[in-house]
Each structure stands twice: as C-alpha cells, then as structure tokens.
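What the coordinates show
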Amino acid sequence: MQIALYQPDIPQNLGSILRLCACMGVACHVIEPCGFVFDDKRLQRVAMDYAAKVELYRHSSWEAFLQTMEGQGARIVLLSTKATQDYYDFSFRSSDILLLGRESAGVPPEVAEAADAALRIPMAPHARSLNIAVSAGMAVGEALRQVRAGGESNPTI
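Anyway, here's the lowdown on the structure attached to this text.

Reading the values: the criteria
- Residues numbered from 1 in each chain as written.
- Predicted model: local features only at pLDDT ≥ 70, side-chain atom pairs only at ≥ 80, totals over all residues.
- Heavy atoms only, no water.
- Helix = DSSP H or I, 4+ residues; strand = E, 2+ residues; numbered from the N terminus.
- Buried < 20%, exposed > 50% of the residue type's maximum accessible area, 1.4 Å probe, protein only.
- Contact = heavy atoms within 4.5 Å.
- Areas by Shrake-Rupley, 256 points an atom, 1.4 Å probe, with all protein chains shown as cover.
- Expected span 1.5 Å × (residues − 1).
- Polar contact = N/O pair within 3.5 Å; in protein donor to acceptor, adjacent residues only side chain to side chain.
- Phe/Tyr/Trp six-rings, centres within 6.5 Å; stacked < 30°, edge-to-face > 60°.
- Core = buried A, V, L, I, M, F, W, Y, C linked by side-chain atoms within 4.5 Å.
- Pairing = 2+ DSSP bridges.
- Axes fitted to C-alpha atoms, helices over the stretch in contact; angles between N-to-C directions.
- Parallel < 35°, antiparallel > 145°, perpendicular 65-115°, else oblique.
- Left-handed = near helix turned anticlockwise from the far one by under 90°.
- Nonpolar A, V, L, I, M, F, W, Y, C, P; charged D, E, K, R; others polar.

1. Quick look at the overall build of the protein
When helices and strands are tallied, the protein shows 5 helices and 7 strands. For the protein, the residues scored as buried account for 46% of the 157 residues in total. Taking the contacts inside the protein whose residues are at least 6 apart along the sequence as the reference set, 77% of them involve residues at least 24 apart. Accessible surface, the protein: about 8100 Å² in total, of which carbon and sulfur atoms supply 50%.

As structure tokens, this is what we get:
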C-alpha cells in the first residue's frame, strides 16, 4: 500500500500524512511542485521524527511519477469528492497507490482520467470536503483492513 500526494499545498497536512505513513508502514510519494518549500518548519513540526522513518519518494512532475510507476502493476486509486463509488465498497489490493489531490483544487482532469479508480468518502450533504490527512487516514485504514482480512500482506509492514 502506498499514498501519493499530487502537488500538496499545506505543509502541516503533508507532515501529518508522513507521520501516518511512518506509523502504518506505508510508502509516500510526493508529486511536485509543492505549494511550499519542502523543508518547511511547519511540515517538520507536525511530522516530528517520523519523517525519517518514511519510505519517501519525490517526483518532479506527474509525468515523472507515472514513469516511475510504469510496469509495477500498481493501481492508482484516486480519492475525490467528485467520485461516485464509496471507498468502503471498493476491493483494495496491497499494491494500490492511494492518490490524493491538492487541498485547494484536487487534481486536473488528465490526472483523474489516468486513475484506475476514483473513490469518495461519503459525507453529510452540507459538507464540501474532509481534511486531506483525515481522508488519507480513513482510506489507508480501510485499505489495510481489507488487505489483511483477505490474507494479503502489505510488503512494507
């Protein structure tokens, strides 16, 4: 299981997701450019010493990310408020990459079209979106639950 963040905007959210990845044994891909300097103190404050424990990959662009992932047999699973399928109705695999978009704008159409699946987290009708770190935690928790319940192992744990 892996998480990929498309051009993250908020350093504290990236810090939270790095900490999540370290604690869950999940690799993290950051698809740049970021909306902040990568060594931002706000990122480091939230990630604490967990950032050093993450299998972290930085990609200079969406195209560079796709080139790196080519041939690995991984599905790109986009989390989006625009998706129609609920994340808990999806059958996750240990090789999946959970892709989350920019906090301010999600992902552009060409990125959404490249995803193998698009999932949403159902919310109350008045809600627009969850915090990206909360969304990542919910989705990776469900994905790992399914993978472990199905007897699949996550190679990073």
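Okay, back to it.
2. Points about helix α5 (residues 132-149)
Between its first and last C-alpha atoms α5 spans 25 Å; for 18 residues at 1.5 Å apiece the expected length is 26 Å, and the two agree. Against β1 (2-6), α1 (11-24), β4 (76-79) and β6 (97-100) lie the buried residues of α5. Put simply, N131 is the residue that caps the front of α5, since its side-chain oxygen is 2.7 Å from the backbone nitrogen of A133. In the segment just after α5, G151 is the residue with positive phi, at about 85°.

3. Topic: the packing of aromatic side chains
Going through the model one piece at a time under the given rule, you end up with 4 aromatic pairs. Taking the centre distance of 6.1 Å and the plane angle of 75° together, the rings of Y6 and W62 count as edge-to-face. Placement of Y6 in strand β1 and of W62 in helix α3 (residues 62-69) is noted, with a sequence separation of 56 residues between them. Looking at Y6, the relative accessible area reads 8%, which means it is buried. With relative accessibility at 8%, the residue W62 sits in the buried group.

4. Side note on the nonpolar core
Counting 32 residues, the largest nonpolar core has M1, I3, L5, I17, C28 and V140 as its most contacted members. When contributions to this core are tallied by element, the ones reaching two or more residues are β1, α1, β2 (27-31), β4, β6, β7 (117-120) and α5. In terms of residue count, the dominant contributor to this core is α5 (8 residues). V140 has contacts with M1, I3, L20, V26 and L98, leaving out every residue within four places of it along the chain. Core analysis: the second largest hydrophobic core is formed by 13 residues, A4, I31, I76 and I97 among them.

5. Quick notes on the pairing of β1
Burial runs high along β1: 5 of the 5 residues are buried. A two-sided burial pattern is seen for β1, the buried positions comprising Q2, A4 and Y6 on one face and I3 and L5 on the other. Pairing of β1 with β2, which is carried by 5 bridges, proceeds in the parallel orientation. Looking across to β2, one finds that L5 is bridged to V30.

6. Focus on the sheet that holds β4
The strand order β3-β2-β1-β6-β4-β7-β5 describes an open sheet built from 7 strands, whose pairing is parallel. Taken across any chain shown, the strands that pair with only one partner, and hence form the sheet edges, are β3 (56-59) and β5 (85-86). Relative to the sheet, α5 contacts β1, β4 and β6, its axis offset from that of β6 by approximately 160°.

7. Comments concerning the environment of W62
Sequence separation between W62 and V111 is 49 residues; the distance between their C-alpha atoms is 7.8 Å. Beyond its immediate stretch of four places on either side in the chain, W62 contacts Y6, I31, I76, L99, V111 and A114.

8. Digging into the packing of α1 against α5
Between α1 and α5, whose axes approach to 9 Å, the crossing angle comes to 20°. Between α1 and α5, the interaxial angle falls into the category roughly parallel. α1 and α5 meet at a crossing whose hand is right-handed. From α1, N13, S16, I17, L20 and M24 reach across to α5, where they touch I132, A133, A136, G137, V140, L144 and R148. Each residue belonging to the contact of α1 with α5 can be placed in one class, and the counts come to 8 nonpolar, 3 polar and 1 charged.

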